[in-house]
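# Observations on the three-dimensional arrangement
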Amino acid sequence: MAKQPKRIQAWTGDRNAAHAVEAAVALVKANAKAKFDESIEIAVNLGVDPRHADQQVRGVVSLPSGTGRDVRVAVIAKDAKAEEAKAAGADVVGAEELVERIQGGFMEFDRVIATPDMMALVGRLGKVLGPRGLMPNPRVGTVTPNVGQAVKDAKGGAIEFRTEKTGIIHAGIGKASFSEEALLINVRALVDALNKAKPSGAKGTYIKKISLSSTMGPGFKVDTSSVGV
């Protein structure tokens, strides 16, 4: 059997037990020893079948402690709304010309926001933005007349969440450099948002499993009762 790399040999903590969320956060931070500021990620296994329309879970939540990432925001708007987006700190703003750039391969952004009157144009980008999870959607606040606030929210720590085909939600909830308290606040904010987004078709146990990990570190199970589930 091949010998495990030293970084794996150095991992500490029981990866089979379900830990209280405070202990899980502490273990994830303790094992995040890469030379860069690792991202801290959460995986939540939901008791839903996303193949059914009444069991899909999707939404947006503002993480109180932020994400630790510099989110690049593109806004599809014109005239006064375009100026509003620029004033709020959007990285790239435009209408027809921006849509054409994106169709041509421009993808230097992490979030796309559009005003409702631009949706006829935005519709052309479905095949480009859809597979990347970047298509503007009113359900998550990325199609809105209030583009200034949407840009500020995106820059300030708002993240989108949606179930994958297997019913799991993955999300970044901070960086290893965050304090334990800051990460705990973000975890609880996301779990609370998921509870509020519980679909009508969900039966039985809704939040089944939660785990936390860092980019290069091991994953640790979270006792769901420790986050109020």
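Here's what I pulled together on the structure shown here. None of the values given here were measured: they were computed from a predicted structure.

### So, the sheet that holds strand S2 (residues 39–46)
Within the open sheet, the five strands sit side by side as S1-S10-S9-S2-S8. Their pairing is mixed. In this open sheet, the two strands that pair with only one neighbour each are strand S1 (18–19) and strand S8 (168–175). Two elements, strand S9 (residues 207–214) and strand S10 (residues 220–222), share three bridges in a ladder whose sense is antiparallel. Paired with Leu212 across the strands is Phe220, a residue of S10. Where helix H2 (residues 21–31) meets the sheet, its contacts fall on S1, S2, S9 and S10, and the angle it forms with S10 comes to roughly 165 degrees. Contacting S2, S8 and S9, helix H8 (residues 180–196) runs over the sheet at an angle of about 155 degrees to S8.

### Some thoughts on the sheet that holds strand S4 (residues 73–76)
Here three strands make up an open sheet; going across it, the order is S5-S4-S6 and the pairing parallel. Whereas interior strands pair on both sides, the edge strands pair on one side only; in this sheet they are strand S5 (92–94) and strand S6 (111–114). Here the average twist between neighbouring strands, direction ignored, is 15 degrees. Two strands pair when backbone bridges link them, and S4 and S5 are joined in this way by three bridges, in the parallel orientation. Across the sheet, Val75 pairs through a bridge with Val93, a residue of S5. Along the sheet, helix H4 (residues 96–103) makes contact with S4 and S5, crossing S5 at roughly 120 degrees. Helix H7 (residues 147–156) contacts S4 and S6 of the sheet and is inclined by roughly 165 degrees relative to S4.

Conventions and cut-offs
- Along every chain, residues carry numbers that run from 1 in the direction the sequence is written.
- For this predicted model, a pLDDT threshold of at least 70 governs which residues receive local features, and a threshold of 80 or more governs which side-chain atom pairs are given and counted, while totals over whole chains, interfaces and linings are taken from all residues.
- Excluding hydrogens and water, the side-chain values take into account all heavy atoms of the structure.
- Strand pairing is assigned whenever DSSP detects at least two bridges linking the two strands.
- Here a strand is any run of E in DSSP of at least two residues, a helix any run of H or I of at least four, and the numbering for each starts at the N terminus.
- Contact definition: two residues touch when any of their heavy atoms are within 4.5 Å.
- Axis lines are fitted to C-alpha atoms, over the contacting stretch for helices. Their N-to-C directions set the angle, which ranges from 0 to 180 degrees.

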